[in-house]
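Given next are the chains, with one letter for each unit.
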Amino acid sequence: MREHLVERLAAGPGVIDGMFGDGLIVGADGRPVAPDTAYEPGMFVWFHRELPDEEPVPFALDVVYRDEHIVVADKPHFLATTPRGGHVAETALARLRRELELPTIGAAHRLDRLTAGLVLCTVRPEERGAYQTLFRDRLVRKEYEAVAPYDAGLALPQTVRSRIVKERGVMAAREVPGEPNAVTEVELTDHRDGLGRYRLLPHTGQTHQLRVHMTALGVPILGDPLYPVVTGPVPAGDFRRPLQLLARVLEFTDPITGRAHRFVSERVLRAWSSYDDWAQGGPIVDDRAQ
């Protein structure tokens, strides 16, 4: 088992030996596994990896609905949905598990870390697949709001169709020739002072789809560090200019109860409500409606 884990994990022999020595690698019965235990394909062992120091996201995660099957949360900007990379404890899923004391809660879909808004989670692991299928089969109506430059020459509403690819290890997705796999309806709901307020209705769920399509229209979403060009990484703890993209509406029929649901985020996009504060990187404030 020791040889297998040293080969399988990128932690290094010293780390693995230390974990065995401290009894941190356990079997299905919860007892420590000896390093010379014979490795058998398909067997399970458990361990908790050390968490890196994480910058706390200083915004509240609101629960807008909860029953015995689902939890719908209104996620702030900068908070990842699920543990990934350097974001583990500071994620919506980890917070919900702690705050609601529901260790079995799981995410039915994912919302980008930089995007705020509604996230659907499941309470019972055995029901998670039913809710994930809603997203896979495009049975969830999702409506987003964005703030971006206003272009009087841009004909809206219109439906954007393109083929988007996201390569592993490359931060930004890109459009390529070929059969469209990404479809977004874009509407202008208001404009003033060179800014537009947009309603975005995605019919597909490609990575960064809304951000790519808005950039392709010549009106990239404000605060985007990847589109139209990749900028330097934002320093940890800098929460001053969030991406102005919000998952505003989530609407679906519950596959377990048959109940029709429609949820609306109460967050606001600060570049629209107070552009100068957002643009100048003023005091860090929560983006919930007051």
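Everything discussed here concerns the structure shown above.
Quick caveat: nothing in here was measured; it's all calculated off a predicted structure.

> Tell me about the pattern of salt bridges, and please be specific about residues and values.
Evaluated as defined, the whole model comprises 18 salt bridges. As a salt-bridge pair, E143 and R141 come within 3.1 Å of each other at their nearest N and O atoms. Judged by its relative accessible area of 36%, R141 is partly exposed. In this structure, the salt-bridge partner of E143 is R199, at a minimum N-O distance of 3.2 Å. With E143 in strand β5 (residues 141-149) and R199 in strand β9 (residues 195-202), the pair connects residues that are 56 residues apart, well separated along the chain. A relative accessible area of 12% places E143 in the buried class. Among the charged side chains, a salt-bridge network with shared partners connects R141, E143, E187, R199, E251 and R262.

> So what about the packing of aromatic side chains? Which residues, and what values?
Counted by the stated rule, this structure contains six aromatic pairs. Each ring, one from F252 and one from F263, has its centre 6.2 Å from the other, and the planes form 45 degrees; the classification is tilted. Taken together, the residues F252 in strand β10 (residues 245-253) and F263 in strand β11 (residues 260-264) connect sequence positions 11 residues apart. Of the two residues, F252 and F263, neither departs from the other in class, the shared state being buried. Grouping aromatic residues by their ring pairs yields a cluster made of F59, F78 and F239.

> I'd like a rundown of helix α2 (residues 13-21), residues and numbers included.
Among all positions in α2, only I16, M19 and F20 are buried. Seen end-on, α2 carries its buried residues on one side only, within an arc spanning 100 degrees. The outward face of α2, more than 90 degrees from its buried face, is lined by the exposed residues G14 and G21. The elements touched by buried residues of α2 are α1 (2-8). Downstream of α2 by one or two residues, G23 has phi in the positive range, about 70 degrees.

> Which residues make up the side chain of H77, and what values go with them?
When you line up the elements, H77 lands in the loop between β2 (70-75) and α3 (92-100). A relative accessible area of 2% places H77 in the buried class. Within the structure, the side chain of H77 is placed 3.3 Å from the backbone oxygen of L243, a separation counted as a polar contact. With residues up to four places along the chain from it excluded, the contact list for H77 reads V57, F59, R113, L114, T115, A116, P242, L243, L245, L269 and D287.

> With reference to specific residues and values, describe the nonpolar core.
L200, M214 and L245 are the most contacted members of the largest nonpolar core, which has 35 residues in total. The set of elements that each furnish at least two residues to this core consists of β2, α3, β4 (116-122), β5, β9, α5 (209-216) and β10. When residues in this core are grouped by element, the largest group, four residues, is from α3. Counting 12 residues, the second-largest nonpolar core is a separate cluster that includes A108, L134, V140 and L250.

The rules we used
Residues numbered from 1 in each chain as written. Predicted model: local features only at pLDDT ≥ 70, side-chain atom pairs only at ≥ 80, totals over all residues. Heavy atoms only, no water. Salt bridge = Lys/Arg side-chain N within 4 Å of Asp/Glu carboxyl O. Buried < 20%, exposed > 50% of the residue type's maximum accessible area, 1.4 Å probe, protein only. Helix = DSSP H or I, 4+ residues; strand = E, 2+ residues; numbered from the N terminus. Phe/Tyr/Trp six-rings, centres within 6.5 Å; stacked < 30°, edge-to-face > 60°. Arc of directions from axis to C-beta. Contact = heavy atoms within 4.5 Å. Polar contact = N/O pair within 3.5 Å; in protein donor to acceptor, adjacent residues only side chain to side chain. Core = buried A, V, L, I, M, F, W, Y, C linked by side-chain atoms within 4.5 Å.

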